[in-house]
Amino acid sequence: MKKIVVLFTFSLLVLSCKKDHQISEPVDDAIGNETIEKPLVDSLMIQREQDSIQLVRQDSIEKARKDSIALVKKIELENKRKSKKFAVYQGEVFSYWPIKESDSLRKLFYNTFSKDQQYTIAALNRIDTDHINRRDTLIVPNEFKKSFIDYSPFPRTLEKVVDVPKLVVFSYPIQAYAVYEKGRLVKWGPTNMGKQSAQTPRGLFFTNWKGRRVTSTVDDEWILNWNFNIHNTQGVGWHQYALPGYPASHSCLRLLDADAQWLYNWADQWVLADKNTVKVKGTPVIVFGDYKFGVKGIWHRLVEDASITHISKSQLEEIIEPYLAEIYNQQLIKEEYNETKSASTTPIKNDSLKVVNDSLK
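Criteria and cut-off values
- Residues numbered from 1 in each chain as written.
- Predicted model: local features only at pLDDT ≥ 70, side-chain atom pairs only at ≥ 80, totals over all residues.
- Heavy atoms only, no water.
- Salt bridge = Lys/Arg side-chain N within 4 Å of Asp/Glu carboxyl O.
- Helix = DSSP H or I, 4+ residues; strand = E, 2+ residues; numbered from the N terminus.
- Buried < 20%, exposed > 50% of the residue type's maximum accessible area, 1.4 Å probe, protein only.
- Pairing = 2+ DSSP bridges.
- Axes fitted to C-alpha atoms, helices over the stretch in contact; angles between N-to-C directions.
- Contact = heavy atoms within 4.5 Å.
- pLDDT = per-residue confidence, 0-100.

## Here we look at the pattern of salt bridges
Part 1: All chains considered together, the criterion is met by nine salt bridges.
Part 2: Arg 106 is the partner of Asp 103 in a salt bridge, and the nearest nitrogen-oxygen pair spans 2.3 Å. Taken together, the residues Asp 103 and Arg 106, both in helix α3 (residues 103-112) and three residues apart, mark about one turn of the helix.
Part 3: Under the relative-accessibility criterion, Arg 106 is labelled buried at 19%.
Part 4: Salt-bridge contacts for Lys 160 lead to Glu 321; the nearest nitrogen and oxygen are separated by 3.0 Å. Separated by 161 residues along the polypeptide, Lys 160 in the loop between β5 (138-141) and β6 (167-171) and Glu 321 in the loop between α6 (313-320) and α7 (324-340) bring together distant segments of the chain.

Right under this line is the structure:
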């Protein structure tokens, strides 16, 4: 009996020790290198997981909030754009008038601007007045100046050509021309030059023959008024024709009617010794630059940058410089011819037709 009691007591002691060992077994934790009991470790790990879940949840909520704000702003901007679609957008010097799809703005346009002002607006957009209704948006000056020449993107003076009586330059990038007399700008205006597949040749040319009304050699239905050739063999010249607002011709330099008339009477024809020999060349003409086809002309960005089309004096003189020797050479030939020609020789006269009132002087 005593033996049974001893065994029973020993069993109880063993069980008790085992239970105490399970409860009190130390565990090393990385936090502060302290020894804590396992149930506490489990509790901390659970807390950490919950904290992580909470942080992820908060990040998701914050991201969703930011995305929502961004979406709201995007919607607001889109609505603002839509609300401005048929409204005048005013810049510092020029404004956008989206008139093509807005009857009210189109009526306001014609009621606001006089005929002369419409002519100026058309010229600044490199179009004729017949194309005003066909443009989706027009560039309109906020203030109309006394003279169209005050809008000129070309420099007023060129010291390098003060000894050149007459010079015409055509810029492909800005689709505009300028006329200089002894280095002083006397006129400028819009042009629409050769399309991408039939570009106007660049370089130095001299006016040669002219015709009041000429039938195109490309298409006999094309009537070229006030035509003045600058490249005889290629048939390239300037003349009046429709200006849609971008390079659209078959190599020629299209002009407004009044501008074509003015240049027709201003520039000089060549003098021929015989059918095949040129004795004296006409007025020097320089065509320069490249047009970025496939996009709107840079003058459409005048609202954002009023000087986007400007050509500086140094830039234009650098373009002219390589041609000066030939210009002066031909000028000397002309002066010698004028001095030695017989008094009985009938001079070549300009066309006597009267030039219409030109608001682009």
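## Thoughts on the sheet that holds strand β12 (residues 236-240)
Sheet strands line up and pair through hydrogen bonds in the backbone, either parallel or antiparallel.
Part 1: Taken in spatial order, the four strands make up an open sheet running β10-β11-β12-β13, and their pairing is mixed. Strand pairing shows two members of the sheet lacking a second neighbour, β10 (210-215) and β13 (253-255), which therefore form its edges. Each adjacent strand pair in this sheet contributes to an overall mean axis angle of 35°, direction not counted.
Part 2: Sheet analysis places β10 next to strand β11 (residues 223-231), joined by five bridges and oriented antiparallel. Of the residues in β11, the one forming a bridge with Val 214 is Leu 224.
Part 3: Sheet contacts for helix α5 (residues 257-266): β10, β11, β12 and β13; angle to β11, the most-contacted strand, approximately 50°.

## Digging into the confidence of the model for the protein chain
Detail in the predicted coordinates should be disregarded across regions flagged by low pLDDT.
Part 1: Residues with a pLDDT of 70 or more make up 78% of the protein chain, whose mean pLDDT is 84.
Part 2: Note that pLDDT drops below 50 for residues 12-34; the model gives that stretch 14 contacts with residues more than four away or on any other chain.
Part 3: Within the model, the stretch residues 348-355 combines pLDDT values under 50 with 20 contacts to residues more than four positions away or in other chains.

## Observations concerning unusual backbone geometry
Part 1: Even without being a glycine, Arg 126 presents a positive backbone phi close to 60°.
Part 2: With respect to the helices and strands, the residue Arg 126 is situated in the loop between α4 (115-124) and β5.
Part 3: Overall, the relative accessible area of 2% leaves Arg 126 in the buried class.
Part 4: The backbone phi angle of Lys 182 is positive, close to 50°, even though this residue is not glycine.
Part 5: With respect to the helices and strands, Lys 182 occurs in the loop between β7 (176-181) and β8 (184-190).

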